[in-house]
Amino acid sequence: AAFAYESALKFLGCLAAQEGEDGGLSGVHDPDDAHWADEARRECRNKLALSCFLNLAQCELRSDRLHEAALHASKALSLDPSNSKAVYRRGLAHMGIGLLKQAREDLMAAARREPRSSEVRAQLQACQKRLQASEQQDRSAFEGMFHRGSLYGEKVEAPC
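Reading the values: the criteria
Residues numbered from 1 in each chain as written. Predicted model: local features only at pLDDT ≥ 70, side-chain atom pairs only at ≥ 80, totals over all residues. Heavy atoms only, no water. pLDDT = per-residue confidence, 0-100. Helix = DSSP H or I, 4+ residues; strand = E, 2+ residues; numbered from the N terminus. Contact = heavy atoms within 4.5 Å. Salt bridge = Lys/Arg side-chain N within 4 Å of Asp/Glu carboxyl O. Buried < 20%, exposed > 50% of the residue type's maximum accessible area, 1.4 Å probe, protein only. Expected span 1.5 Å × (residues − 1).

A word on the confidence of the model for the protein chain. For the protein chain, per-residue confidence averages 80 on the pLDDT scale, and 75% of positions sit at 70 or higher. Summarising per-element confidence for the protein chain, the mean pLDDT is lowest in helix 1 (residues 2-12) (78) and highest in helix 4 (residues 84-97) (96). Ignoring residues within four places in sequence, the model shows residues 18-32, a span with pLDDT below 50, making 17 contacts including any to other chains.

Structure below.
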């Protein structure tokens, strides 16, 4: 399925045809882009591209290609910054990668946009628990580092 979405995005001119190209959505990429010159066609292309990016992000999440999922969700957000599915999927990708602070930000934004979604709230809680555990682990790892006294075992004498 991911291949079909990538092919559709390449056809629409929203995804680079070769590795290393920009693949952005803002500028004209080739002479065929003239087909999207009027506003109505561009709007239709962007709606279709949004659906393809969202579905591609979901495919990448299910295939554990989390960096790609985050990238495709970000591209969907560049088309529609208020899209709750895009911010939610990017949050899931960030959480899977281990970027817990970014994941929390995205999941909180998704929860604000979709306050009744139990799935979003459950993932936000899971992210917050992982973030707290990570912070606790960091605190315990560095806790004794600064409270053990002198590094060289020297005694510090009080001045007279």
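Time to look at the pattern of salt bridges. According to the stated counting rule, one finds 4 salt bridges in the structure shown. In this structure, Glu60 and Arg65 form a salt bridge, with 2.4 Å as the shortest nitrogen-oxygen distance. What makes Arg65 partly exposed here is its relative accessible area of 36%. Asp106 is the salt-bridge partner of Arg90, the closest N and O atoms lying 2.9 Å from each other. Here Arg90 is found in helix 4, whereas its partner Asp106 is found in helix 5 (residues 100-113), with 16 residues between them in sequence.

Before going further, it helps to examine helix 3 (residues 66-79). Taking 1.5 Å of rise per residue, 14 residues should cover 20 Å, and helix 3 covers 20 Å from first to last C-alpha, within 8% of that figure. Looking only at helix 3, the buried set comprises Leu66, Ala69, Ala70, His72, Ala73, Lys75, Ala76 and Leu77. Contact partners of the buried residues in helix 3: helix 2 (39-62), helix 4 and helix 5.

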